Amino acid sequence: YAKNPPRNVYGEAPFADPNDWTTTNEKYFEHADWVLRKAAEYRMTVLLFPAYLGYDGREKGSEDGFVRELMATGPEKSLAYGRFLGKRYRDFDKIIWVMGGDRDPGPARENVDMVAYGIREFDQRHLFTAHCHSESSPASQYPSSSWLDISNTYSYFLVHLALTWDYNRKPVRPTFLLESVYEGETQFASELQMRRQAYWSVLCGGFGHVMGNNPLWNFGPGWQAAMDAPGSVGMVHWGELFRSRRWFELVPDQDHKVVTAGLGELWGLDLVTAAATPTGNMIIAYMTSARTISVDLAKMPKGQARAWWFNPRDGKATEAGTFPTDGVKQFTPPGDGDWALVLDDAALQLPAPGK
């Protein structure tokens, strides 16, 4: 997607011979080093693609990425290229290796594996995942690849269902929402859609989500202003909420034993997603539109539960009262729109969510 791919902004190509990935260009990789170090300074984790295969759009008359060049390089040289990367980047901070890219590997599978195995020979520090075609899972495309550490979801449809299916896969792997609807790209990219797929990503069992925006992703015209678009603002508040609580202890309420009524449609976009800690000392439920929901407070520790309404649009929390944890209680948000209900064990005396 660069102006002169695969050359960087300084005109440097990664390889002297694009069909032989052992012919690495030091100047190209020196610049990549600088970018990775600068990202780490800002505490940004980089999803690093060593061999981006590219979206297969031949039916629409387009194809991107480097699948043909990787195939021409062959397994032996792919392994050597991986070793080069593993030696070079094993001591860098905040990297997750992402194999493939926008495509199921197909006949390139062996070469993708060789790159990954070459990296792992020298880099046992960083985790690996894979980016497949949309609605496809790394576990299904790389079932025997020992390098696969993390799973992910890539879905543009019923995202909460795709997240749930990936969370439930065996063997169990940490998972996150790698890609979904991009702000500014389609008619479906409403402010609400940007928020709900982010909240679903955690409450359906994942550890987070990658937000997409056009023109941010390709640094197109107006990208600076797009940093303040509603999607980005919503992500700020989303992060504030979950970082204010022990979100990593949450277990999805798949059987609806915590939130028992007011759930909405399972095969729709208005489903209430909820999760609770194993001890029950925290419950978070997200609704895409205002409605009354029923929560079984008996799932929480005996005593009192403190309730809050968190507004995903402005990041403000409103206290909703303290209630005995002795049965089902109905909760109705204070206004229209999407809301997150946060219930804490009152004995913990936690501050307002988002603080």
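Figured I'd write up the structure that's included with this text. (Residues numbered from 1 in each chain as written. Predicted model: local features only at pLDDT ≥ 70, side-chain atom pairs only at ≥ 80, totals over all residues. Heavy atoms only, no water.)

What follows deals with the overall build of the protein chain. Along its length, the protein chain carries 8 helices and 18 strands. Taken over the C-alpha trace, the protein chain has a radius of gyration of 22 Å; the compact-globule value for 355 residues is 20 Å, and the two agree within 12%. Summarising its shape, the C-alpha atoms of the protein chain cover approximately 70 × 40 × 40 Å along the three principal directions. Looking at the protein chain as a whole, 49% of its 355 residues qualify as buried. Of all intrachain contacts in the protein chain linking residues separated by at least 6 positions in sequence, the fraction that spans at least 24 positions is 67%. Only carbon and sulfur atoms are counted for the fraction: they give 53% of the accessible area of the protein chain, which is about 17300 Å². Within the protein chain, the 43 negative side-chain charges are centred at a point lying 4 Å from the centre of the 36 positive side-chain charges. (Helix = DSSP H or I, 4+ residues; strand = E, 2+ residues; numbered from the N terminus. Rg over C-alpha atoms; globule rule 2.2 N^0.38 Å. Buried < 20%, exposed > 50% of the residue type's maximum accessible area, 1.4 Å probe, protein only. Contact = heavy atoms within 4.5 Å. Areas by Shrake-Rupley, 256 points an atom, 1.4 Å probe, with all protein chains shown as cover. Lys, Arg positive; Asp, Glu negative; His and termini not counted. Charge placed at Lys NZ, Arg CZ, Asp CG, Glu CD.)

Our next topic: the sheet that holds strand 11 (residues 259-261). Read across the open sheet, the 3 strands follow the order 11-14-17; overall the sheet is antiparallel. Edge positions in the open sheet fall to strand 11 and strand 17 (328-331), since each of these has one partner strand only. Direction aside, the axes of adjacent strands within the sheet are offset by 40° on average. Alignment of strand 14 (residues 293-296) against strand 17, held across 4 bridges, turns out to be antiparallel. Of the residues in strand 17, the one forming a bridge with Val-295 is Lys-329. (Pairing = 2+ DSSP bridges. Axes fitted to C-alpha atoms, helices over the stretch in contact; angles between N-to-C directions.)

For the rest of this paragraph, the subject is the nonpolar core. Core analysis: the biggest nonpolar cluster contains 29 residues, and Tyr-89, Trp-97, Met-99 and Trp-147 have the highest contact counts within it. Taken together, the elements giving at least two residues each to this core come down to helix 1 (26-41), strand 3 (46-48), helix 2 (67-89), strand 6 (95-100), helix 3 (109-122) and strand 7 (127-131). If one sorts the elements of this core by residue count, helix 2 sits on top with 5 residues. Once you skip the residues sitting within four places of it in the chain, Met-99 turns out to touch Pro-50, Val-112, Val-115, Ala-116, Phe-128, Thr-129, Ala-130, His-131 and Trp-147. By size, the runner-up hydrophobic cluster in this structure holds 23 residues, among which are Val-202, Leu-203, Ala-275 and Trp-308. (Core = buried A, V, L, I, M, F, W, Y, C linked by side-chain atoms within 4.5 Å.)

This part takes up the pattern of salt bridges. In total, this model carries 15 salt bridges according to the counting rule given. The salt bridge partner of Glu-191 is Arg-195, with a shortest N-O separation of 3.7 Å. Taken together, the positions of Glu-191 and Arg-195, both in helix 6 (residues 191-203) and 4 residues apart, correspond to about one turn of that helix. Judged by relative accessible area, which is 46%, Glu-191 ranks as partly exposed. Beyond isolated ion pairs, a larger network of salt bridges with shared partners links Glu-191, Arg-195, Arg-313 and Asp-338. (Salt bridge = Lys/Arg side-chain N within 4 Å of Asp/Glu carboxyl O.)

Scanning all chains against the criterion turns up 22 aromatic pairs. The interplanar angle of 65° and the centroid separation of 6.3 Å between the aromatic rings of Tyr-89 and Trp-97 together place this pair among those described as edge-to-face. Judged on exposure class, the residue Tyr-89 and its partner Trp-97 are both buried. Pairing Phe-176 with Phe-207 gives two aromatic rings, centres 5.1 Å apart and planes at 35°, and the pair type is tilted. Of the two residues, Phe-176 sits in strand 9 (residues 175-179) while Phe-207 sits in the loop between helix 6 and helix 7 (223-226), which places them 31 residues apart along the sequence. Given the relative accessible area of 36%, Phe-207 is considered partly exposed. Put simply, the rings of Phe-15, Trp-21, Tyr-28, Phe-29, Tyr-81 and Phe-84 touch in pairs and so form one group of aromatic residues. It is Arg-313 that lies over the ring of Trp-339; its NZ or CZ is 5.0 Å from the centre. (Phe/Tyr/Trp six-rings, centres within 6.5 Å; stacked < 30°, edge-to-face > 60°. Lys NZ or Arg CZ within 6 Å of the ring centre and 35° of its normal.)

Two elements in contact, helix 5 (residues 159-167) and helix 6, have axes separated by 10 Å at closest approach and are oriented at 20°. Our classification of the angle between helix 5 and helix 6 gives roughly parallel. At the point where helix 5 passes helix 6, the crossing takes the right-handed sense. Contact with helix 5, carried on its side by Val-159, His-160 and Leu-163, involves Gln-193, Gln-197, Trp-200 and Ser-201 of helix 6 and no other residues of that element. Residue classes in the contact of helix 5 with helix 6 are distributed as 3 nonpolar, 4 polar and no charged. (Parallel < 35°, antiparallel > 145°, perpendicular 65-115°, else oblique. Left-handed = near helix turned anticlockwise from the far one by under 90°. Nonpolar A, V, L, I, M, F, W, Y, C, P; charged D, E, K, R; others polar.)

Now for a nonpolar patch on the surface. There is a patch of nonpolar side chains on the surface, built from Trp-165, Leu-266 and Trp-267 and spanning about 390 Å² of accessible area. On the secondary structure map, Leu-266 appears in the loop between strand 11 and strand 12 (273-276). (Patch = residues over 30% accessible without salt bridge, like charges linked within 9 Å, V, L, I, M, F, W, Y side chains within 5 Å.)

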